[in-house]
Amino acid sequence: MIYDRPRFAPGGDRIIEFELGDEMSFELNFLVHTLANRIRESRVRGVVELIPEMASIQVSYDPDLISYRDLTEELLMLRASIGDLSSLELTSRLYYVPILYFDPWTRECTEDYRTKLADKEPDPDLLVRMNGLKDRAHLKQVHSGTEYWVAALGFWPGLCSLMPLDPRCRLTAPKYNPPRTWTPKGTIGLGGALTCIYPDQTPGGYQIFARTPMPIWDRLQRLKAFKSSLALFKAGDRVRFVPVDRAEYDEIAARVDDGSYEHQFADYQKFSIRGYQSWLAEIAPPQREAAQ
């Protein structure tokens, strides 16, 4: 649920955990990022940094400039100023991400895990079985059949949590137990109901089944998309996965290596809660075959 009155918890003497609800929903996440923008725009004295997440905002502040009590009152007033959620809009860029499904690199990673740590059903086959799909081709169709909302960033620089906007394309999966010790950079993973893109070679626990040659984080800022930020995505952006074959993957990877690659995106658009809810009311009930 979305709380009528937000909840606060201290995180030491310089952090407030500002909880707006206890569910994983698009509406709650939209509220989180709308409120984070309001806090930034209000320039509340003493606020140092904001970390918006799925259902909460971590607020870092300077206790020499504002007290815990005064800051919570400021945050409550900003929450109250938002009013009806259906009227909210956020600026939202749409990125097109090329991905190779059932690629050799994630297959090598999972085979290494099965040999050294724990035997398990191959990740794509597990996703097919648990989501009632016909086969891997059906998994590819469903996963690439929707735009995804960038709901949160964190755990690793540039790592994004992506929520599917079309309920007909919603997939779920358990996480690895135990986690993997490594995951190829650019891997596409699914854990719970969230998709992610691994920005670098890291440990991981999501089920993996595809890879993109397009970087989403670059500490060296070589490519044009990273000139103003090390991370590509911002919360409230959207992602559309575009299936490619191995030849297309290799061609994009070569352009990334030589520095000539340019990320494809639509900039800037407005995303409306009211418009989204109207669209949801018009589409057919969630059926896999309906997602094209």
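Residues numbered from 1 in each chain as written. Predicted model: local features only at pLDDT ≥ 70, side-chain atom pairs only at ≥ 80, totals over all residues. Heavy atoms only, no water.

**Focus on the overall build of the chain**
Counting its secondary structure elements, the chain contains seven helices and 14 strands. A compact globule built from 292 residues should have a C-alpha radius of gyration of about 19 Å, and the chain, at 20 Å, falls within 12% of that. The principal-axis extent of the C-alpha atoms belonging to the chain is close to 55 × 45 × 40 Å. Looking at the chain residue by residue over its 292 residues, the buried ones come to 50%. Within the chain, contacts between residues at least 6 apart in sequence are counted, and of these 66% link residues at least 24 apart. Within the structure as shown, the chain displays about 14100 Å² of accessible surface, and the carbon and sulfur contribution to it stands at 49%. Each charge class in the chain was averaged separately, 36 positive and 41 negative side chains, and the resulting centres sit 1 Å apart. (Helix = DSSP H or I, 4+ residues; strand = E, 2+ residues; numbered from the N terminus. Rg over C-alpha atoms; globule rule 2.2 N^0.38 Å. Buried < 20%, exposed > 50% of the residue type's maximum accessible area, 1.4 Å probe, protein only. Contact = heavy atoms within 4.5 Å. Areas by Shrake-Rupley, 256 points an atom, 1.4 Å probe, with all protein chains shown as cover. Lys, Arg positive; Asp, Glu negative; His and termini not counted. Charge placed at Lys NZ, Arg CZ, Asp CG, Glu CD.)

**Some remarks on the sheet that holds strand β4 (residues 56-61)**
The strand order across the open sheet formed by four strands is β1-β2-β4-β3, and the pairing between neighbours is antiparallel. The strands lining the two open edges of the sheet, one partner per strand, are β1 (2-10) and β3 (47-52). Neighbour to neighbour, the strand axes of the sheet diverge by 20° on average, direction disregarded. Note that strand β2 (residues 15-21) and β4 share five bridges and pair antiparallel. Looking at β4, one finds that I16 is bridged to V59. Strand contacts of helix α2 (residues 68-80): β1, β2, β3 and β4, with the helix running at about 160° to β1, the strand carrying the most contacts. (Pairing = 2+ DSSP bridges. Axes fitted to C-alpha atoms, helices over the stretch in contact; angles between N-to-C directions.)

**A look at the layout of surface pockets**
The probe, sized like a water molecule, is rolled over the atoms to show the empty space still left. In this structure, the largest pocket encloses a volume near 470 Å³. Together, 23 residues line the largest pocket, and H33, N37, R40, K234 and A235 are the ones closest to its centre. Those elements that place two or more of their residues in the lining of the largest pocket are α1 (26-42), β3, β5 (89-101) and β6 (147-153). Per-element accounting of the lining of the largest pocket gives the leading share, seven residues, to α1. Residues belonging to the lining of the largest pocket are distributed by class as follows: ten nonpolar, five polar and eight charged. The computed volume of the second largest pocket comes to approximately 390 Å³. The wall of the second largest pocket is formed by 22 residues, among which K185, P199, P215, W217 and V256 lie closest to the centre. (1 Å grid on protein atoms, 1.4 Å probe; cavity = no way out; pocket = protein on both sides within 12 Å on 5 of 7 lines; lining within 4 Å. Points joined across faces, edges and corners; volume = space filled by probe spheres on them. Nonpolar A, V, L, I, M, F, W, Y, C, P; charged D, E, K, R; others polar.)

By themselves these figures say nothing about function.
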